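Now for the letters of each chain:
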Amino acid sequence: MTTWNPPEEQLPPLLQAFRNMSPTRQPNMLALEVFLLCAQAPKTYAELEQLTGCTRRNLVKAIGLMVPSTHLQTGEVQAPAMHLLKPQKIKGTTVLRFGITDRGRRLLDGSA
């Protein structure tokens, strides 16, 4: 079975970025969907579960591609390939709401 890969210059910058985030160069469509939903307005895990129909586990994986994380053993902060989402804690709760970063906004505008 042969797969067709379009030339990079024919892809919009947003798709190029999501393709380049993956070592296999296969864009994560759930991550793209989450990013676009959060670009409309910041969303919580519960809201994203309802909108995408995906489990929390899959959403955590997709969001993990776009936010910095802490290595469990060393405690070092690991930067994602592209930092596109920023988690914000809702006051008085343990709930996180995800909005997009300035880089994410530039990517949407086509100037990244």
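You'll find the structure just up there.
In this text the structure is predicted, and so the values were computed from the model without any measurement.

Can you help me understand helix 1 (residues 13–20) in this one?
Think of an α-helix as 3.6 residues a turn; residues three or four steps apart then line up on the same face. Within helix 1 the residues assigned to the buried category are L14, A17, F18 and R19. Where the residues of helix 1 are buried, they touch helix 2 (29–40) and helix 5 (102–109).

Mind showing me how you'd approach helix 4 (residues 56–64) here?
Taken residue by residue, helix 4 has L59, A62 and I63 as its buried positions. The buried residues of helix 4 all sit within an arc of 95° when viewed along its axis, so they share a single face. Turned more than 90 degrees off the buried face of helix 4, the exposed positions are R57 and K61. Looking at the packing, one finds that the buried side of helix 4 touches helix 2, helix 3 (45–52), strand 4 (85–89) and strand 5 (96–100).

Honestly, the pairing of strand 4 in this entry has me stumped. Any pointers?
In the case of a regular strand, side chains alternate between the two sheet surfaces. Looking at chain direction, strand 4 and strand 5 are connected through five bridges and run antiparallel. Pairing of L85 across the sheet is with I100, part of strand 5. Hairpin connection between strand 4 and strand 5: a loop of six residues separates the two successive antiparallel strands, and G92 in this loop has a positive phi of roughly 80°.

In this structure, what is going on with the environment of P68? I would like to understand it.
The residue P68 is located in the loop between helix 4 and strand 2 (69–70) in this model. The exposure class of P68 is partly exposed, given its relative accessible area of 36%. When the C-alpha positions of P68 and L84 are compared, they lie 9.6 Å apart, and in sequence the two are 16 residues distant. With residues near it in sequence (within four places) discarded, P68 still touches V77, Q78, P80 and H83.

Can you help me understand the sheet that holds strand 4 in this one?
Sheet strands associate in pairs through backbone hydrogen bonding, adopting either a parallel or an antiparallel arrangement. Pairing is antiparallel across the open sheet formed by three strands, whose spatial order is 1-5-4. Of all strands in the sheet, those bounded by a partner on one side alone are strand 1 (43–44) and strand 4.

Cut-offs and rules
- Residues numbered from 1 in each chain as written.
- Predicted model: local features only at pLDDT ≥ 70, side-chain atom pairs only at ≥ 80, totals over all residues.
- Heavy atoms only, no water.
- Buried < 20%, exposed > 50% of the residue type's maximum accessible area, 1.4 Å probe, protein only.
- Helix = DSSP H or I, 4+ residues; strand = E, 2+ residues; numbered from the N terminus.
- Contact = heavy atoms within 4.5 Å.
- Arc of directions from axis to C-beta.
- Pairing = 2+ DSSP bridges.

Taken by themselves, the reported measurements are silent on function.
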